[in-house]
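Tertiary structure, described
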Amino acid sequence: MVAVWLEGVPDGDPAYSDIRFKASWLKTPVKASEWNGRRVALIQATTSVSPNTYSVRALKIPKGADGKDLTAVEIPGTKVLIRIADRKFEQQVFSVSKELEAVRSADNLNTDAEKVAKAKANGSTVPVWEKAFTIPIPGEEAQSFGKQRIINGVLNYTHSGVDVSGSEGTPIHVPAAGIVVFSGPLIASGNTVILDHGLGMYSSLVHMSKTAATVGTRVKQGDVVGYVGATGFATGPHLHWTLTIRGNIVDPEYLMNHDPLAAIR
Ligand SMILES: [Zn+2]
């Protein structure tokens with residue numbers, strides 16, 4: 001994931017009212033937000049992107065006399081090259097009971113996904129996080145991002161986040177400032193808190209024994225929003241933390257010693 005921004009955008013010029021960043025590996029250009037006198041966006045690469053050198057460029061979408069969007073125009077001099085490096089993801093093999101396997105059924109995952117999509121529908125268009133992220137359970141590590149999981153002998157899925165060790169009841173801390181957009185039970189995820197960090201980025205903290213957050217409240221880095229448990233599809237107590245950008249899963253590890261907006265705060 002990278003933050004991209006455009007400097008020196010003329011204020012109040014309608015030709016610049018809609019700026020988007022086009023990353024050559026993404027189908028859809030990403031809408032930029034106005035923030036700190038710049039146009040800024042987060043751009044993600046998922047685990048399925050082939051390693052290569054790609055470009056990112058800024059487009060403006062002018063409006064015609066009737067207010068309708070005209071064709072996107074590249075803003076000269078905005079092209080930057082980005083290298084996406086290779087990364088291998090290990091396999092992880094384990095067996096679970098039929099009862100636990102059924103918790104992760106397609107129906108259950110769909111039911112969860114609908115609730116999550118609703119919670120993430122109206123996110124903050126400006127950054128809410130303020131600095132580099134911290135691990136939600138102090139002293140522990142983020143593990144197992146992207147592992148290919150073979151469950152009961154079948155390659156079932158890519159592990160969608162990181163696991164953090166913790167015994168039942170251990171407090172779970174907010175990794176970076178956010179707005180609580182969901183707090184409650186899901187089926188496969190168990191008791192879950194979802195935080196909106198702004199610019200399309202969300203944390204889901206799942207499998208909690210108990211949530212301790214109120215939807216609509218703003219939480220600070222380090223606040224406790226729940227307690228470790230093994231609810232949903234979990235083989236034992238731990239925290240699972242998924243980080244997404246516009247619904248795409250990214251590795252939160254990168255944010256833990258690096259704030260992508262540090263240079264322009
Ligand atoms: Zn996990």
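Our subject is the structure that appears above.
Let me begin by describing the structure that accompanies this report. (Residues numbered from 1 in each chain as written. Predicted model: local features only at pLDDT ≥ 70, side-chain atom pairs only at ≥ 80, totals over all residues. Heavy atoms only, no water.)

1. Let's talk about the overall build of the protein
Going by this rule: Here a strand is any run of E in DSSP of at least two residues, a helix any run of H or I of at least four, and the numbering for each starts at the N terminus. Radius of gyration: C-alpha atoms only; globule rule: 2.2 Å multiplied by the number of residues to the exponent 0.38. The classification of residues rests on relative accessible area computed with a 1.4 Å probe and restricted to protein chains. Under 20% of the type maximum is buried, over 50% is exposed, and intermediate values are partly exposed. Contacts are assigned to residue pairs that have any heavy atoms within 4.5 Å of one another. Here, Shrake-Rupley sampling with a 1.4 Å probe gives the accessible areas, and only protein chains in the shown set may cover a residue. In this count, Lys and Arg are taken as positive residues and Asp and Glu as negative ones, while His and the chain termini are left out. The atom standing in for a charge is NZ when the residue is Lys, CZ when it is Arg, CG when it is Asp and CD when it is Glu.
Across its full length, the protein carries two helices and 20 strands. Expected size for 265 residues packed as a compact globule is a radius of gyration near 18 Å; at 20 Å, the protein falls within 12% of this value. With 265 residues in all, the protein has 48% of them scored as buried. Sequence-distant contacts in the protein: of pairs separated by 6 or more residues, those separated by 24 or more amount to 66%. Of the roughly 13100 Å² of accessible surface on the protein, 51% is carried by carbon and sulfur atoms. In the protein, 27 side chains carry a positive charge and 25 a negative one; their mean positions are 4 Å apart.

2. Side note on the sheet that holds strand β11 (residues 154-158)
Spelled out, the test is: Any two strands with at least two DSSP bridges between them are considered paired. All axes are obtained by fitting lines to C-alpha atoms, using only the stretch in contact for helices, and the reported angles, taken between N-to-C directions, cover 0 to 180 degrees.
The three strands lie next to each other as β9-β10-β11, forming an open sheet whose pairing is mixed. At either end of the open sheet lies a strand with only one pairing partner, and these are β9 (91-94) and β11. Taking the axes of each pair of neighbouring strands and ignoring which way they run, one obtains an average angle of 30° across the sheet.

3. Description of the pairing of strand β10 (residues 148-151)
Both β9 and β10 contribute to a ladder of four bridges, which runs parallel. Paired with Gln-91 across the bridge in β10 is Gln-148. Pairing analysis gives four bridges linking β10 to β11, with the strands arranged antiparallel. Bridging across to β11, Ile-151 finds its partner in Val-154. As consecutive antiparallel partners, β10 and β11 are separated by two residues, and within that stretch Asn-152 has a phi angle of approximately 50°, a positive value.

4. Section: the packing of aromatic side chains
Put simply, the rule is: Stacked, edge-to-face and tilted labels apply to pairs of Phe, Tyr and Trp rings (six-membered ring for Trp) whose centres lie within 6.5 Å, assigned for plane angles under 30 degrees, over 60, and everything in between, in that order. In this scheme, the term charge over a ring applies when either NZ of a lysine or CZ of an arginine sits within 6 Å of the ring centre and within 35 degrees of the ring normal.
Scanning all chains against the criterion turns up three aromatic pairs. Ring geometry for Trp-25 versus Tyr-54: centroids 5.4 Å apart, planes at 70°, classification edge-to-face. Here Tyr-54 lies in strand β6 (residues 52-60) and Trp-25 lies in the loop between β2 (19-23) and β3 (30-31), a separation of 29 residues in the sequence. With respect to class, Trp-25 is no different from Tyr-54; both count as buried. An angle of 65° between the planes, with centres 6.1 Å apart, marks the rings of Phe-89 and Phe-145 as edge-to-face. Remark: Phe-145 occurs in the loop between α2 (106-119) and β10 and Phe-89 occurs in the loop between β8 (80-84) and β9; sequence separation between them is 56 residues. Judged by relative accessible area, Phe-89 falls into the partly exposed class, the value being 23%. By relative accessible area, which is 10% here, Phe-145 ends up buried. Stacked on the ring of Tyr-157, the Lys or Arg Arg-104 has its end atom at 3.5 Å from the ring centre. Above the plane of the ring of Phe-233 lies Arg-104, whose end atom (NZ or CZ) is 6.0 Å from the centre.

5. Details of the coordination of the zinc ion
Here is the rule: Atoms of type N, O and S within 2.8 Å of a metal are treated as its donors, and for Na, K and Ca the window is 3.2 Å; water is not considered, so some sites may appear to be missing partners.
Coordination of the zinc ion by the protein is provided by His-159 (NE2), Asp-163 (OD) and His-240 (ND1), with metal-donor distances spanning 2.0 to 2.1 Å. Between the donor residues of the zinc ion, the gaps in sequence give the motif H-x3-D-x76-H. Note on His-159: relative accessible area 2%, which makes it buried. The exposure class of Asp-163 is buried, given its relative accessible area of 11%.

6. Quick look at the environment of Asp-18
Turning to its location among the elements, Asp-18 is positioned in the loop between β1 (2-6) and β2. Asp-18 sits 14 residues away from Ala-32 along the chain, and the two C-alpha atoms are 7.5 Å apart. When residues no more than four places from it in sequence are discounted, the contact partners of Asp-18 are Lys-31, Leu-59, Lys-60, Ile-61 and Asp-69.

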